[in-house]
There are 4 protein chains.
Amino acid sequence: MRTAAQYLDSLRTRDLRLFVDGERVPDATVHPKVLPSIRSVALTYALAHDPEHAALATAPSELVGGPVNRFTHLFAAPEDLVRKIELQRILGRASGTCFQRCVGMDALNALFIATWEAGPDAHGRFVRWMTGVQERDDMLCGAMTDPKGDRRKRPPEQPEQFLRVVDRRDGGVVLRGAKMHQTGAANSHQIVVMPGGMLREGEEDFAIAAAMPVDAPGITMVLGRQPSDDRKGGPDAGNRFGGQEVVVLFDDVFVPAERVFLDGDVAACATLLEAFAGYHRASYGGCKPGNFDAMVGAVAAVTDDAGTRRASHVRDKLVEMIHLAETIHGVGLAASSKSTQHGCGTWQVDPVLANCCKHNVTRLPYEIGRIAEDLSGGLLGTMPSIADLDHPEFGEALTTAVGGRDRAHLLRLVENMTYGAGAVALRLECMHGAGSPAAQRIVLERHTDWAERMAHARRLAGLPE
Amino acid sequence: MRTAAQYLDSLRTRDLRLFVDGERVPDATVHPKVLPSIRSVALTYALAHDPEHAALATAPSELVGGPVNRFTHLFAAPEDLVRKIELQRILGRASGTCFQRCVGMDALNALFIATWEAGPDAHGRFVRWMTGVQERDDMLCGAMTDPKGDRRKRPPEQPEQFLRVVDRRDGGVVLRGAKMHQTGAANSHQIVVMPGGMLREGEEDFAIAAAMPVDAPGITMVLGRQPSDDRKGGPDAGNRFGGQEVVVLFDDVFVPAERVFLDGDVAACATLLEAFAGYHRASYGGCKPGNFDAMVGAVAAVTDDAGTRRASHVRDKLVEMIHLAETIHGVGLAASSKSTQHGCGTWQVDPVLANCCKHNVTRLPYEIGRIAEDLSGGLLGTMPSIADLDHPEFGEALTTAVGGRDRAHLLRLVENMTYGAGAVALRLECMHGAGSPAAQRIVLERHTDWAERMAHARRLAGLPE
Amino acid sequence: MRTAAQYLDSLRTRDLRLFVDGERVPDATVHPKVLPSIRSVALTYALAHDPEHAALATAPSELVGGPVNRFTHLFAAPEDLVRKIELQRILGRASGTCFQRCVGMDALNALFIATWEAGPDAHGRFVRWMTGVQERDDMLCGAMTDPKGDRRKRPPEQPEQFLRVVDRRDGGVVLRGAKMHQTGAANSHQIVVMPGGMLREGEEDFAIAAAMPVDAPGITMVLGRQPSDDRKGGPDAGNRFGGQEVVVLFDDVFVPAERVFLDGDVAACATLLEAFAGYHRASYGGCKPGNFDAMVGAVAAVTDDAGTRRASHVRDKLVEMIHLAETIHGVGLAASSKSTQHGCGTWQVDPVLANCCKHNVTRLPYEIGRIAEDLSGGLLGTMPSIADLDHPEFGEALTTAVGGRDRAHLLRLVENMTYGAGAVALRLECMHGAGSPAAQRIVLERHTDWAERMAHARRLAGLPE
Amino acid sequence: MRTAAQYLDSLRTRDLRLFVDGERVPDATVHPKVLPSIRSVALTYALAHDPEHAALATAPSELVGGPVNRFTHLFAAPEDLVRKIELQRILGRASGTCFQRCVGMDALNALFIATWEAGPDAHGRFVRWMTGVQERDDMLCGAMTDPKGDRRKRPPEQPEQFLRVVDRRDGGVVLRGAKMHQTGAANSHQIVVMPGGMLREGEEDFAIAAAMPVDAPGITMVLGRQPSDDRKGGPDAGNRFGGQEVVVLFDDVFVPAERVFLDGDVAACATLLEAFAGYHRASYGGCKPGNFDAMVGAVAAVTDDAGTRRASHVRDKLVEMIHLAETIHGVGLAASSKSTQHGCGTWQVDPVLANCCKHNVTRLPYEIGRIAEDLSGGLLGTMPSIADLDHPEFGEALTTAVGGRDRAHLLRLVENMTYGAGAVALRLECMHGAGSPAAQRIVLERHTDWAERMAHARRLAGLPE
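For clarity, every value in this text was computed on a predicted model and none was experimentally measured. (Residues numbered from 1 in each chain as written. Chains lettered and ligands numbered in written order. Predicted model: local features only at pLDDT ≥ 70, side-chain atom pairs only at ≥ 80, totals over all residues. Heavy atoms only, no water.)

Looking at this structure, how should I read the relation of the copies chain D and chain A?
Superposing the two chain copies requires a rotation about an axis and a translation along that axis. Expressed as a screw operation, the relation of chain D to chain A combines 0.0 Å of axial shift with a rotation of 180°, fitting to an RMSD of 0.0 Å. The superposition operator between the copies reduces to a two-fold rotation axis. No C-alpha of chain D approaches the rotation axis more nearly than that of Ser228(D), which lies at 2.0 Å. (Least-squares fit on C-alpha atoms with pLDDT ≥ 70 in both.)

Written as structure tokens, this is what we have:
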């Protein structure tokens with residue numbers, strides 16, 4: 001298993017075509033807007049070598065005959081799904097943001113299931129490739145969401161809005177299109193593309209699941225902006241860790257057949273989508289409560305510094321933050337422990353609870369953040385730069401006015417998590433990651449047996465069936 | 001294990017001193033205000049003999065060397081705690097209300113722990129008695145809440161507001177006082193009294209845990225009123241099942257030493273209180289989602305009947321009810337699966353998640369009920385009696401006006417669950433059962449390591465510790 | 001203007017055909033299930049003669065050349081609309097429930113507008129009739145809601161589900177059908193029927209607005225049940241005031257032409273519906289905050305009695321109740337003060353704010369009630385009957401256990417307002433009165449100029465229009 | 001009255017000592033981080049000369065015998081308070097952010113009342129100075145909030161945390177300390193300092209209300225950072241308008257007596273604080289709904305562009321935004337129309353409704369923003385820079401992927417209002433401006449007559465008083 005240092009080294013060898021603010025980035029590993037997100041991923045490597053956490057951060061793999069990083073592991077038992085949530089909480093707490101490696105893990109497991117359903121050929125190709133991922137301990141970018149353009153149109157009506165096969169040659173496929181919101185793409189070794197929506201007969205060109213190096217010819221990455229991203233690397237950044245989302249453009253990227261897992265199998269792609277959605281919606285029950293562990297601590301420290309932490313209304317609000325975070329965590333845990341075994345041998349989360357978990361994540365973090373803004377006081381939005389605190393003429397007076405340097409730095413951290421770069425992970429990603437709220441409601445509705453519910457109620461009301 | 005019929009028979013042999021609306025009840029088992037709650041308890045006996053559910057409803061006991069009803073069982077593994085939640089959901093769905101037997105189950109387990117901490121004598125006495133409970137398959141009333149009078153005063157300042165030992169004689173103790181809100185008391189075989197609050201040194205007379213038959217001399221029970229309780233047994237009742245709460249008055253009740261489990265052991269009573277609170281707060285993650293399964297079905301059926309079920313806003317609200325109910329269930333499951341083993345061998349729920357579960361129960365059911373009232377339409381609150389529908393002169397016209405008899409009966413069921421007798425189980429009990437919301441917040445606050453949280457946040461903010 | 005006593009006398013002269021629980025009521029004015037609602041209406045008469053409130057409760061009428069009860073008055077200035085809200089709050093507070101006279105007031109004003117639009121004949125007929133209403137100070141039942149059956153069908157597809165003209169003879173019309181949820185119908189002098197939904201060409205038979213005595217031949221009334229209605233008149237009632245909803249069946253009721261205001265004028269009926277909805281949705285900004293004034297007082301008194309009123313979390317929750325009630329009130333006031341003058345001379349509320357007011361009423365009362373249930377403690381749902389407190393053997397012990405007779409009676413009042421008969425006014429009526437939540441959303445959407453909003457945003461974003 | 005151009009000119013003549021990010025700003029009027037906020041203030045000047053809005057934006061003043069900008073006007077009638085709200089909504093919509101001139105207006109009115117209570121000398125000084133403000137049409141910085149340091153300590157225990165008189169000489173006072181969160185300070189002509197909290201006897205040195213030019217010797221201003229403030233002036237800014245908050249440091253600033261309005265009059269300062277709080281808490285009922293008008297438009301335009309605007313769940317969420325914004329507006333209007341006349345002749349808002357208005361502003365904007373983030377889609381948080389869209393190599397493909405340039409710019413506007421620089425106005429200022437939520441609850445509690453409420457409830461419950 002790679003160490004954090006080996007991970008950093010491995011990133012430097014890539015010939016990445018990455019643009020930030022209109023400029024090509026010569027070395028992503030030192031760019032101030034990328035570095036914080038690399039640091040977050042590196043935690044996932046470091047933890048596997050940390051004696052305190054190694055038992056949680058690693059797992060035995062039959063494929064390689066030894067321990068692998070849990071982020072490349074198959075969910076071989078319900079406990080694996082529960083441990084995933086626990087591991088995510090620890091990393092969420094440690095980084096205070098998104099550590100970007102869950103999409104890959106959840107995609108691996110979903111592909112294991114979908115390729116098994118597609119047949120032995122597909123499954124065999126996938127397992128061979130996955131064995132390499134485990135051996136090298138790769139960081140994967142799970143690339144699902146297409147641009148989609150006008151949501152009323154199907155892929156064939158606007159093919160340019162979807163990643164698709166545009167050619168087949170030399171024992172492989174040629175891909176064109178784009179994938180949006182790619183978490184951690186610029187920090188990855190490989191991209192795993194998957195369809196972003198349910199497909200129908202006649203839409204086989206879009207039914208493609210395949211893997212390729214992040215620096216495959218034809219791939220261009222454009223870093224998404226984040227609030228206050230220009231502060232990254234500076235004293236006002238608030239948090240040295242960060243998340244990352246990238247638009248990945250595919251300009252006729254060739255993928256050889258051994259890395260094409262699904263091609264035109266619309267049914268298997270539906271399985272893939274649903275399996276991934278379930279895993280990834282439960283994942284938010286791990287990382288986000290971890291993030292909020294850090295936020296609660298920061299807000300508590302701010303109030304402690306201001307002398308209000310023990311005031312009854314402050315205590316009440318801090319407890320409310322805890323309650324909401326634990327609600328998210330609890331449902332995520334339950335989705336994991338109440339899992340069922342798939343025919344291929346791996347375990348799947350409970351779909352109702354997984355969607356319920358994610359649906360709470362589209363709501364409760366906003367209330368947690370609202371309370372954080374309440375308890376932090378107005379200074380959260382009006383504090384001058386740290387540079388001002390250092391000013392020889394007025395820095396001392398200003399430092400007194402803002403309540404001291406500790407409070408200033410703590411508020412910068414809260415600012416990062418509520419309004420700053422970290423807000424992408426703590427709000428936007430909560431809302432749209434793994435599917436927007438409307439998507440979860442569809443699953444909740446579909447998994448309810450309405451006829452049975454109504455029949456039972458009729459019986460209880462004393463009516464004939 | 002008793003069958004439902006044997007349970008009913010066993011109730012008739014008691015010489016219960018029960019009053020309803022100022023009148024002594026000669027036979028509780030046929031009183032229209034008591035019968036619905038007996039029917040609910042009977043479900044817990046019937047399920048153990050139902051081939052479909054017996055595996056869930058029973059469990060092996062080492063004490064009696066065979067299967068016992070799960071409601072008398074010790075939590076011997078995390079799975080037992082999870083199964084408890086699953087069993088509660090099934091019974092909650094079947095009855096649409098409180099089936100009253102969980103307090104006893106949770107009290108047994110808490111007493112097992114507390115008496116073990118108190119020492120081998122106490123534990124031995126308790127286990128001997130509990131073995132009998134399992135053998136006879138007793139229904140227990142777990143009696144905890146004292147009247148409390150003026151909440152600012154301690155028990156010794158207003159002893160009449162707390163159950164207490166007033167005499168010791170003939171190898172036993174004499175108890176005086178009252179216990180409030182006693183779920184299922186009049187449907188039980190035995191009462192298990194326990195202190196209702198944390199006690200201090202000098203308050204030993206209140207530190208009493210003991211068991212006695214429900215018809216022990218000196219015990220008087222007074223049935224609590226419920227909304228629309230006068231309709232019970234009639235066509236407007238809405239649900240033939242019901243819950244029950246009783247005020248139990250203790251007028252110098254003698255309890256022989258073999259049924260006195262804790263007496264003056266303030267520390268063990270604290271353990272008892274906390275263990276019981278944990279178990280019972282998680283229990284709401286089972287029964288209430290079950291109740292709401294029935295409510296959702298009833299509301300869906302009403303909208304189906306009115307032709308609106310597939311309207312987008314109706315679907316959206318039905319899904320919201322599902323989401324909220326599953327949130328409660330998920331956290332209850334998680335509190336159970338994330339359990340820890342006590343020194344005595346049994347398992348305890350996670351206290352943070354158990355309190356988080358119950359805290360959601362003090363909120364989400366109100367929103368679920370609000371939606372139910374929305375979707376049911378105004379007729380929910382304005383429908384005439386079923387007797388009017390039968391009237392020879394205008395019954396037909398009225399039946400047409402209310403949308404038919406089916407809709408009328410379904411609305412009576414929803415009315416029962418939102419405004420009627422069932423609302424005690426679906427709202428009030430949600431709010432105050434196993435402790436009011438403020439009690440859960442105290443536990444959530446106490447179980448958070450604030451210093452550690454703040455220290456971590458300081459590190460993340462780049463500050464020295 | 002009638003006094004309260006004269007109002008009661010006037011009710012006795014009616015030959016009402018009213019049924020309660022399947023039985024014809026010989027004298028509605030003494031029936032225990034009707035009397036509480038009569039008492040509430042009587043307050044509206046009494047207030048006009050109360051020196052402290054007469055200025056608010058009366059207004060000068062040009063039609064009769066002197067003061068009339070404000071409940072029969074036209075809104076001649078924005079101040080009239082504001083005073084309506086203020087008057088409603090006082091009566092809502094005094095009764096703690098619905099006083100049933102607002103529908104008639106709002107219907108009068110809406111009919112004034114709609115008949116003016118229909119033409120001088122219609123308007124003349126209406127004004128002549130209305131002058132009599134003012135002179136006699138009549139209580140009116142404004143009858144709008146039809147049964148509607150299957151909501152997917154139009155009136156001509158299921159005519160039996162709508163009030164309609166079935167014959168025209170002898171200079172009048174014959175009406176058949178039913179009106180649902182008729183607030184105060186059995187306490188009224190006249191019924192004013194109006195269409196309950198938007199009608200189209202070809203649906204003229206349903207486009208009828210007319211007035212008739214409550215005891216016109218062919219009219220049958222059936223009283224709606226309310227939770228705990230059997231307690232009315234007894235010691236457990238909680239509140240001597242009450243509301244009332246009635247199903248009114250029309251079995252070929254003849255209405256002479258002079259009391260037929262609109263007949264087949266689909267456009268004027270649309271005006272009528274919208275005008276009424278606006279007025280009545282704002283009305284909830286008056287009465288409901290008044291009801292909650294009483295509820296807040298009751299809950300505060302309960303906590304005061306239990307010694308918890310000054311605890312920080314209790315104070316916080318009491319303040320929250322205040323905040324929510326004032327939010328309702330504020331928007332109701334604003335809808336009234338921001339009014340516009342109609343061509344006929346009277347003033348109309350702001351439709352956006354009126355619908356916003358009512359929409360809050362479908363939500364905030366549920367949270368107010370939730371807090372009331374929290375602060376009242378579990379005894380709210382478990383208290384025995386007042387008769388039990390009087391029992392010679394255990395009454396004293398029970399009275400001690402429930403915290404004394406004062407607390408018992410206060411809890412009965414809170415119970416009435418949250419779970420009891422009063423809950424129809426404080427919950428169900430809040431949800432569905434003057435239109436269900438979905439109806440308000442339609443108006444809010446329709447009154448928003450989306451194109452203008454989007455164009456402005458484009459300008460702000462620096463885009464061309 | 002000044003024009004917008006004259007206002008800009010007037011700012012250039014100031015010798016402002018302003019620091020941004022540690023650097024002194026030579027000319028605030030051209031600094032990219034200041035200019036957006038100047039543009040917002042300029043709107044308040046432009047509107048007074050805009051024929052469409054002049055009637056609303058100006059008002060006649062007895063002091064200068066002619067029309068003045070409404071932002072320097074006294075509230076001479078309830079209509080003035082209502083028009084203030086209406087004017088604020090227009091400006092809030094036009095700018096999409098805080099236009100910074102309300103604090104001055106509300107401070108003028110509060111000082112008019114407080115100095116009148118302090119006596120004719122104080123009042124005369126104030127009126128003379130205020131006449132000049134009206135004549136010159138000055139922009140005022142109303143400076144109230146002190147740093148406060150440790151909230152448990154009174155001002156004399158930590159004088160450095162409060163603005164205070166440190167010397168009296170040459171017919172004036174010398175001030176030292178700081179004022180925090182000073183909205184629009186760097187865009188103003190004068191600063192009006194006022195105490196930021198209730199003071200007691202012995203704290204007279206802190207009881208100072210006075211005016212001074214923004215460039216008075218000893219004054220240093222430090223601009224507060226805002227999220228993404230480095231983007232201001234660039235293509236990713238999202239909104240050319242902006243708000244501004246400044247820390248103002250007072251290093252022995254001399255104020256001559258004619259501009260000292262209150263000095264040591266603790267009672268008048270209490271009046272000042274309460275009057276200002278009332279006015280300013282109602283003000284949020286104007287500007288914020290205006291801001292949300294723009295946000296709703298932007299979000300609607302984004303969904304329109306993506307083809308989802310007419311989807312039922314999108315319509316439902318857009319309506320919800322409208323509903324919440326109008327709730328804020330309605331209560332603000334009501335606080336204004338339900339005003340009372342002070343002895344000095346001006347009118348004051350209803351304190352309960354004003355605090356209720358602001359209290360809703362600490363909650364509902366967060367839900368409005370949450371919906372905006374939902375409807376905007378994930379791209380809101382992941383969109384690359386506008387510079388990337390222009391890139392010669394991949395710009396076209398990227399523009400296709402993000403849905404076109406229009407969508408990109410609209411999303412930048414929404415981003416500005418939810419996560420960007422504008423979020424300070426639309427979230428933080430909503431939370432803490434004019435007092436944090438806890439402050440409003442104190443007023444709501446204090447203005448409730450609890451004894452009367454409880455007495456009324458006892459009567460209703462049939463109890464003796």
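After that view of the structure, there is still more to cover.
Explanation requested: the packing of helix H9 (residues 351–361) of chain C against helix H16 (residues 437–446) of chain C in the structure shown.
Two quantities define a packed helix pair, namely the angle between the axes and the distance from one axis to the other. All names here are of chain C. Where H9 meets H16, the axes come as close as 9 Å, and the angle between the chain directions of the two elements is 155°. By the angle class used here, H9 and H16 are roughly antiparallel. Between H9 and H16 lies a crossing of left-handed hand. Residues Pro351, Val352, Asn355, Cys356, Lys358 and His359 of H9 lie in contact with H16, whose contacting residues are Pro437, Gln440, Arg441, Val443 and Leu444. Looking at the contact of H9 with H16, its residues break down into six nonpolar, three polar and two charged. (Axes fitted to C-alpha atoms, helices over the stretch in contact; angles between N-to-C directions. Helix = DSSP H or I, 4+ residues; strand = E, 2+ residues; numbered from the N terminus. Parallel < 35°, antiparallel > 145°, perpendicular 65-115°, else oblique. Left-handed = near helix turned anticlockwise from the far one by under 90°. Contact = heavy atoms within 4.5 Å. Nonpolar A, V, L, I, M, F, W, Y, C, P; charged D, E, K, R; others polar.)

Just to check I follow, could you spell out the interface of chain D and chain A for this structure?
Where interface size is quoted, it is often the accessible area lost as the parts come together. At the junction of the two partners, chain D supplies 72 residues and chain A supplies 71 residues. Taking both sides of the interface into account, the surface hidden between chain D and chain A amounts to around 5700 Å²; carbon and sulfur atoms contribute 60%. The largest contributions to the chain D side of the interface with chain A come from Arg225(D), Arg370(D) and Tyr419(D), which together make up 12% of the buried area. Between chain D and chain A we count six salt bridges in total. Salt-bridge contacts for Arg225(D) lead to Asp236(A); the nearest nitrogen and oxygen are separated by 2.9 Å. (Buried area = accessible area lost by both parts, 1.4 Å probe. Salt bridge = Lys/Arg side-chain N within 4 Å of Asp/Glu carboxyl O.)

Sorry, what's going on with the nonpolar core here?
Generally speaking, nonpolar side chains in soluble globular proteins are found buried as a group. Counting residues in each nonpolar core, the largest one holds 247 residues, and the members touching the most others are Trp129(C) and Trp129(D). For Trp129(D), the residues in contact, after removing those within four places along its chain, are Leu108(D), Leu140(D), Gln190(D), Val192(D), Ala211(D), Arg259(D) and Phe261(D). Formed by 246 residues, the second largest nonpolar core is a distinct cluster that contains Cys269(A), Phe99(B), Leu318(B) and Ala178(C). (Core = buried A, V, L, I, M, F, W, Y, C linked by side-chain atoms within 4.5 Å. Buried < 20%, exposed > 50% of the residue type's maximum accessible area, 1.4 Å probe, protein only.)

Honestly, the sheet that holds strand S1 (residues 18–20) of chain C in this entry has me stumped. Any pointers?
By way of backbone hydrogen bonds, the strands of a sheet pair with one another, either parallel or antiparallel. All names here are of chain C. Pairing is mixed across the open sheet formed by six strands, whose spatial order is S2-S1-S10-S11-S7-S6. What marks the edges here is a single partner per strand, and that holds for strand S2 (23–24) and strand S6 (164–169). With five bridges connecting them, strand S10 (residues 219–223) and strand S11 (residues 245–256) associate as antiparallel partners. Paired with Met221 across the strands is Val248, a residue of S11. (Pairing = 2+ DSSP bridges.)

Where do I start with the relation of the copies chain B and chain C in this structure?
At an RMSD of 0.0 Å, chain B and chain C line up after a rotation of 180° and a shift of 0.0 Å along the axis. Comparing contact sets, 100% of the residues at the interface of chain B also lie at the interface in chain C, consistent with an isologous, same-surface contact.

Sorry, what's going on with the state of the cysteines here?
Two cysteines joined by a covalent bond between their sulfur atoms form a disulfide. Taken as a whole and judged by the stated rule, the model has zero disulfides over all chains. Here Cys430(B) stays unpaired: no disulfide links it, and the sulfur of Cys287(B), its closest cysteine neighbor, is 7.2 Å away. The closest cysteine sulfur to the non-disulfide-bonded Cys269(D) is located on Cys344(D), 16 Å from its own sulfur. Cys269(D) sits in the buried class, given a relative accessible area of 3%. (Disulfide = S-S within 2.5 Å.)

Just to check I follow, could you spell out the interface of chain B and chain C for this structure?
On the chain C side, the residues contacting the 72 residues of chain B number 72 residues. Both sides of the chain B and chain C interface together cover about 5700 Å² of buried area, and 60% of this is carbon and sulfur. The largest contributions to the chain B side of the interface with chain C come from Arg225(B), Arg370(B) and Tyr419(B), which together make up 12% of the buried area. Counting across the chain B and chain C interface gives six salt bridges. The closest approach of N and O atoms between Glu373(C) and Arg427(B), which form a salt bridge, is 2.3 Å. On inspection of chain B and its partner chain C, the count reaches 34 residue pairs in polar contact (both at pLDDT 80 or more). The greatest single-element share of the side of chain B that touches chain C, amounting to six residues, is contributed by helix H15 (residues 423–432) of chain B. Looking at the side of chain B that touches chain C residue by residue, the classes come out as 29 nonpolar, 21 polar and 22 charged. (Polar contact = N/O pair within 3.5 Å; in protein donor to acceptor, adjacent residues only side chain to side chain.)

Is there a simple way to explain the environment of Glu465(C) in this structure?
Residues and elements named next belong to chain C. Mapped onto the elements of the fold, Glu465 is located in the segment after helix H17 (450–460). Taking the C-alpha atoms as reference, Glu465 lies 9.4 Å from Met454; in sequence the two are eleven residues apart. Not counting residues up to four positions away in its chain, the partners in contact with Glu465 are Ala455, Arg458 and Arg459.

I would appreciate a short explanation of unusual backbone geometry in the present structure.
Across residues other than glycine, the phi torsion is negative in most instances, and most of the peptide bonds are trans. A positive phi angle, close to 60°, is found at Asp137(B), a residue other than glycine. On the secondary structure map, Asp137(B) appears in the loop between helix H6 (120–136) and strand S5 (140–143). Notably, Asp170(D) is not glycine yet its phi reads approximately 50°, a positive angle. For Asp170(D), the position within the fold is in the loop between strand S6 (164–169) and strand S7 (172–183). What makes Asp170(D) exposed here is its relative accessible area of 65%.

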